[in-house]
Amino acid sequence: MNDQRIQEKLSILADAAKYDVSCSSSGGKRKNESKGLGNAEGMGICHSYTEDGRCVSLLKILLTNHCIFDCAYCVSRKSNDVKRAAFTVDEVVDLTMNFYRRNYIEGLFLSSGIFSSPDYTMERLVRIIKKLRTEHNFNGYIHVKAIPGASEELIQEAGLYADRLSVNIELPSEMSLQNLAPEKNYKEILTPMAQIRDGITKNKEEKALFKKVPQFATAGQSTQLIVGASAENDLQIISLTDSLYKGYGLKRVYYSGYIPITDDARLPQVTQPPLIREHRLYQTDWLMRFYGFQADEILDPAHPFLDLEVDPKLAWALRNRHVFPIDVNTADFEMILRIPGVGARSAKRIVAARRFAPITLDHLHKFGVVLKRAKFFLTCRGQALSTRDYDEQTIRRQILFGAGSVRSALVTQQLDLFAQAS
Amino acid sequence: MSRSLTPNNRRATTAVATNASSSRRIAPELSNAALDYAYDGSFEGLLTVLFTVYDRKSAPNSIQPLGAVQGGLFAMPVQIDTDDATAARVWEGLLRYMDKEARTRLFHTFLSEQSDRELLIFRYADLAMRAGRDISDNYADDNVRRVASIAQQMYREKHRMEAFVRFEKTSDGLFHATIDPDFDVLPLIAPHFTKRYADQRWLIFDKRRRYGLYYDLQRTDIVEFESTGPQRNTAISATVLDEREPLFKLLWQSYFDHVNIPERKNIKLHRRHMPLRYWRYLSEKQPREQRFEPIKNKRPIG
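None of these values were measured; they are calculated from a predicted model. (Residues numbered from 1 in each chain as written. Chains lettered and ligands numbered in written order. Predicted model: local features only at pLDDT ≥ 70, side-chain atom pairs only at ≥ 80, totals over all residues.)

Details of the overall build of chain B
Now for step 1: For chain B, the count of helices and strands is nine helices and eight strands.
Now for step 2: Among the 302 residues that make up chain B, the fraction classed as buried is 33%.
Now for step 3: Excluding contacts between residues fewer than 6 apart, the proportion of contacts in chain B whose partners are at least 24 apart in sequence is 72%. (Helix = DSSP H or I, 4+ residues; strand = E, 2+ residues; numbered from the N terminus. Buried ≥ 20, exposed ≤ 12 C-beta atoms within 10 Å, placed from the backbone. Contact = placed C-beta atoms within 7 Å.)

Looking at the interface of chain B and chain A
Now for step 1: With 46 residues of chain B at the interface, the matching set in chain A holds 53 residues.
Now for step 2: Counting only elements with at least two residues in the side of chain B that touches chain A, the list comes to helix H6 (142-164), helix H7 (186-196), helix H8 (245-259) and helix H9 (267-273) of chain B.
Now for step 3: Partitioning the side of chain B that touches chain A into residue classes produces 23 nonpolar, nine polar and 14 charged. (Nonpolar A, V, L, I, M, F, W, Y, C, P; charged D, E, K, R; others polar.)

Digging into the sheet that holds strand E2 (residues 58-65) of chain B
All names here are of chain B.
Now for step 1: What the three strands build is an open sheet, ordered E2-E1-E3; its pairing is parallel. With one partner strand each, in any of the chains shown, E2 and strand E3 (78-79) form the two edges of the open sheet.
Now for step 2: Against the sheet, helix H2 (residues 43-56) touches strand E1 (32-39) and E2, its axis set at about 165° to E1. (Pairing = 2+ DSSP bridges. Axes fitted to C-alpha atoms, helices over the stretch in contact; angles between N-to-C directions.)

Quick word on unusual backbone geometry
Peptide bonds are trans in most cases, and residues, glycine excluded, mostly fall at negative phi.
All names here are of chain A.
Now for step 1: That bond from Phe324 to Pro325 is cis: its omega, 0°, falls within 30 degrees of zero.
Now for step 2: Note that Pro325 resides in the loop between helix H10 (312-319) and strand E11 (326-327).
Now for step 3: Positive phi outside glycine occurs at Asn137, with the angle close to 55°.
Now for step 4: With respect to the secondary-structure elements, Asn137 resides in the loop between helix H3 (118-134) and strand E7 (141-145).

Focus on the environment of Lys249(B)
Now for step 1: Mapped onto the secondary structure, Lys249(B) falls in helix H8.
Now for step 2: A sequence separation of 34 residues divides Lys249(B) from Ser283(B), and the C-alpha atoms of the two residues are 6.9 Å apart.

Some details on the packing of H2(B) against helix H3 (residues 84-93) of chain B
All names here are of chain B.
Now for step 1: Interhelical geometry of H2 versus H3 gives an angle of 75° and a closest axis separation of 8 Å. Classified by the angle between their axes, H2 and H3 sit roughly perpendicular to one another. Note on element contacts: H3 touches H2 through Asp84, Thr86, Ala87, Val90 and Trp91, opposite Glu44, Leu47, Thr48, Leu50 and Phe51.
Now for step 2: Of the residues assigned to the contact of H2 with H3, the class counts are six nonpolar, two polar and two charged. (Parallel < 35°, antiparallel > 145°, perpendicular 65-115°, else oblique.)

Structural notes on the domain arrangement of chain A
All names here are of chain A.
Now for step 1: Per the domain assignment, the segments of chain A are domain 1 (3-298) and domain 2 (312-421).
Now for step 2: For domain 1 and domain 2, the distance between their C-alpha centroids amounts to 36 Å.
Now for step 3: Contacts between the two partners involve 13 residues from domain 1, matched on the other side by ten residues from domain 2.
Now for step 4: Residue assignment for the side of domain 1 that touches domain 2 shows that the elements contributing at least two residues are helix H8 (275-290) and helix H9 (295-298).
Now for step 5: Residue contributions to the side of domain 1 that touches domain 2 peak at eight residues, all from H8. (Domains from an automatic or database assignment.)

Brief notes about the environment of Ser25(A)
Residue and element names in this part refer to chain A.
Now for step 1: Its place among the elements puts Ser25 in the loop between helix H1 (3-17) and strand E1 (28-30).
Now for step 2: Using a count of 27 C-beta atoms within 10 Å as the deciding quantity, one classes Ser25 as buried.
Now for step 3: Taking C-alpha positions, Ser25 is 9.4 Å from Phe109, a pair spaced 84 residues apart along the chain.
Now for step 4: In this view, Ser25 contacts Gly44, Ile45, Ser57, Leu58, Glu106, Gly107 and Tyr141; residues no more than four positions away in its chain are not counted.

As for the pairing of strand E6 (residues 107-111) of chain A
Residues and elements named next belong to chain A.
Now for step 1: Counting buried positions along E6 gives five out of five residues, so the element sits mostly inside the fold.
Now for step 2: Sheet topology places strand E5 (residues 58-62) next to E6; five bridges connect them, and they run parallel. Bridge pairing in E6 places Leu62 opposite Ser111.
Now for step 3: As a crossover connection, the stretch from E5 through helix H2 (residues 89-101) into E6 is right-handed.
Now for step 4: Pairing analysis gives four bridges linking E6 to E7, with the strands arranged parallel. In the strand pairing of E7, Phe109 is matched with His143. (Right-handed = clockwise from strand over helix to strand, strands pointing away.)

Quick notes on the sheet that holds strand E4 (residues 168-169) of chain B
All names here are of chain B.
Now for step 1: Spatially, the five strands line up as an open sheet ordered E4-E5-E6-E7-E8, and their pairing is mixed. Edge positions in the sheet fall to E4 and strand E8 (220-224), since each has one partner strand and no second.
Now for step 2: The pairing of strand E7 (residues 211-215) with E8 spans five bridges and is classified as antiparallel. Bridged to Tyr214 within E8 is Asp221.

Digging into the domain arrangement of chain B
Residues and elements named next belong to chain B.
Now for step 1: Segmentation of chain B into domains returns domain 1 (14-157), domain 2 (165-241) and domain 3 (244-302).
Now for step 2: Contacts between the two partners involve five residues from domain 1, matched on the other side by seven residues from domain 2.
Now for step 3: Looking at the side of domain 1 that touches domain 2 residue by residue, the class counts come to two nonpolar, one polar and two charged.

Section: helix H4 (residues 152-161) of chain A
All names here are of chain A.
Now for step 1: Residues of H4 that are buried include every one of Leu154, Ile155, Ala158, Gly159 and Tyr161, and no others. In an axial view of H4, the angular spread of the buried residues amounts to 165°, which keeps them on one side of the axis. In H4, those exposed residues whose orientation departs by more than 90 degrees from the buried face are Glu152 and Glu153.
Now for step 2: Elements in contact with the buried residues of H4: H3, E7, strand E8 (164-166) and helix H6 (186-209). (Arc of directions from axis to C-beta.)

Observations concerning the pairing of E7(A)
Residue and element names in this part refer to chain A.
Now for step 1: Taken across its five residues, E7 has five buried, putting it largely inside the fold.
Now for step 2: Between the parallel elements E6 and E7, the chain passes through H3 in a crossover that is right-handed.
Now for step 3: Relative to E8, E7 runs parallel, the two sharing three bridges. Residue pairing across strands places Lys145 opposite Ser166, the latter belonging to E8.
Now for step 4: Chirality of the crossover, the property in question, places the unit of E7, H4 and E8 among those that are right-handed.

A short note on the nonpolar core
Now for step 1: Ranked by size, the top nonpolar core spans 180 residues in total, and within it Leu13(A), Leu110(A), Leu125(A), Ile129(A), Ala158(A) and Ile204(B) carry the most contacts.
Now for step 2: It is H6(B) that contributes the most residues to this core, nine residues altogether.
Now for step 3: Excluding its chain neighbours within four sequence positions, the residues that come into contact with Leu13(A) are Ile61(A), Leu62(A), Asn65(A), Ala85(A) and Phe87(A). (Core = buried A, V, L, I, M, F, W, Y, C linked by C-beta atoms within 7 Å.)

Here's the deal with the confidence of the model for chain B
Residue and element names in this part refer to chain B.
Now for step 1: Mean pLDDT for chain B: 87, with 85% of residues reaching 70 or above.
Now for step 2: Within the model, the stretch residues 9-21 combines pLDDT values under 50 with 13 contacts to residues more than four positions away or in other chains.
Now for step 3: Reported confidence for the predicted complex is 0.93 by ipTM and 0.91 by pTM. (pLDDT = per-residue confidence, 0-100.)

Notes on helix H7 (residues 234-248) of chain A
Residues that lie three or four places apart on an α-helix share one face, since the helix turns once every 3.6 residues.
All names here are of chain A.
Now for step 1: The terminal C-alpha atoms of H7, which comprises 15 residues, lie 20 Å apart, in line with the 21 Å expected from a rise of 1.5 Å per residue.
Now for step 2: Among the residues making up H7, those that are buried are Asp234, Ile237, Ile238, Thr241 and Leu244. Mapping the buried residues of H7 onto a view down its axis gives an arc of 115°, with all of them on the same face. In this structure, H7 carries Ser243, Lys246 and Gly247 as exposed residues pointing more than 90 degrees from its buried face.
Now for step 3: Against strand E9 (221-227), strand E10 (252-257), H8 and H9 lie the buried residues of H7.
Now for step 4: Following H7 by one or two positions, Gly249 has its phi on the positive side, about 60°. (Expected span 1.5 Å × (residues − 1).)

Given below as C-alpha cells:
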C-alpha cells in the first residue's frame, strides 16, 4: 500500500463524509466474547473533538466519492469538479483495525457515493463489514448506510454485521427532494427504512423466544435532515421528525445546518450555516425524547418557527404561564421537568431529596438549578423568589438582558449577523 | 503504599453476606474522646481505621496517611495497622447500610485524592449507619451531595481516559500509552480496556502516580515503577516503535484535520470538550510535519 496515496484518499473521503453529522456510537449490544478486538456494549465514547466542537467517535469515511447522482446540496455530486478517490476493501479494513487498536475510534461509519448501481455499491459496503466481523474478529461499533434502491437481501445482510443502519432523508419534504435531488424520491428512502424497522422488531421478538439469535442492527437506525437548504419551516421539520420516531422507531434524527457549498441558483445564497436554528431543533428533539413534550406543544401553525433567542422549553413556559408557578415540594416529576432551568438531573434530585426534608431555595441552587430562569416559574414551601407577577415580555427581557444573563456566544454572534443583514 | 484493582479481593464470608440488609444495627455512640488517626494510605488501611473508630468509640479528629501527618504541636496520631481481614469485614458490612452503588462511590471518593477524603468517607458512613434508612438520595445533606459530586467527577475523568488514551505500537507488538489524569483512575478503567483490547498486549502508564496497568493477553495487573529510581523514560523512543506506527499517526492527524468543518469553527466548544491539559498526550493535537491542504470541493458564492 502506497502511504502517500492512502493519505490522499483518506483526506478526500473523510472530507466528503463529514457533512453526515451522525456521530453516535452508543446503544450497541455487541460484546467481545471471542477474545477478539473491540467491544460495542452500551455507552459510546467520543475520542476526540475537532475545532468546530463536533465529536470524533467513528472513522467516518466514504468508500468512494464517485457518484452517479447529482444532488445540488452535496459536494460529491456528479457535476462538481472535484478529485475523486475510492478505497479498496482491504484498505478500509486495515485503517479501521489500526485506528481502533490505537484507541483513536469506537468503530467505523461507512457510507459511499453511488457508483454503477445501488446494489453494486451496497454489495461492496457489506463485503467490508463482513470481512471485519468474520475474518478479523472485530467487535467495535459499525454504522453503515443503507443505499436507497439497494436490494432487500443486501440490506438484510448488512444488518447482521452492523450495529446501526441509516438512510438519510436529507430534505424535509418530497417537493424539495424533487427539486434538489431529482434522482431520489421519498419512496426509495422510506422503503429500506421500513425494512430495517421490521428487521429490528423481528429480531427482538426472536430474541425473546430463542437463546441464540444473530444480531440485527441492535443500536437501531437513524437519519439526517438538512436544515436551511430548502424552504421548510420548523413545524414541518419537527412534524416529520415526530412521525419518524413514532412511525419508524428511529433512535435518532440528526439535523445538519446547510453549509453553503455552491452557487447553484436552487440553493439559498448564504455565507453562514444556520447554527442556532440547528441548535434549537436539537433542543426540541431532546424535549420530545427525554422531557415528555409532544411536538404540537412546542410548535403549531400559529408558531411555525422556533424562537431563536430563547430555548424551546422556556418559550413553551412563557406561552403557558397558567401552568406556573410549580411547587417543587409537591409537584409531579413530569411537571418539575418542565420548569425552565431545571434539567433532568436536578429534577431527579429534587424528587429524591424531598423525601428527607422540604426543599428550600438554597437546596435548589446546590442541586444545579439555574435560578436565573427558574425563579419566575417555581415556588418552594409557598415561597417564591420573584414576588411580582411579571408578564411574558418582562420575564423574557429579564432572562435575556437582566443581571447575570450569559448569552451563548453562538446566539450573540449569529443574531448580530442577522442585525447586520437587515 | 499498596495498590489494588478492586477495593477488596477477599471473598465475602457467608456469615456477613446472609446478614445483609436484614439486620440494620445502629452504630454505637462515639462516647470516648476524639482521636487523630494515621494509616498506611491504602483503602484497606482506611477501612481498618473505620473499624477502630467504632471499636474504641472514639470519633476521628483527623484521619491522615502516615507520610502526610500534620496537626497541632501536641497532636499524637494513633497509628492503625492495616488488617486485610478487618477491612474485608467492614467492606462487606457497609452493605447493611447502603447499596453497592453507594459503597462504590465511597471507593471512588477515596481514589479522588481530595485532602479531606478520609473524613468525608467516615462522615458518610456514620450518617448511613445512624439514619435507619438508605441515605444515598438525600441530596439535601452536604456530605451526601459532596460524595455524589466527587463520584461524578471521577466518572468523568474515567470516561475521559477511556477516550483520550492513545496507544503507540512498539516493534515487539506492545501497545503503550502514557496518561496524566487528575485523579487516580487506573483501577476504574482496567475492566474497560481489558474487555476491549483482548487480543493485543497493552500498557497504560500513569505518569504522575508512577504506576501502570499491563495486560499480557491473559490478565491485567498493576505494575509499579520505583519512584526513587532513575526517571523512567515514558516517551518510547522512535527506534523501538513498530515501523508502521508513524504512518498511522500521520493518517490519524490527517483524518482529524479533514473531518473538521471550518465554517462551523467553535474553539470554545472544542476546548470545553477537550481541555488543554490533555492535549500533550493526544497525537492529533501535536504539531504537523506537513502543511494542511484543504480539499477544494466548494465553489464559493459571489
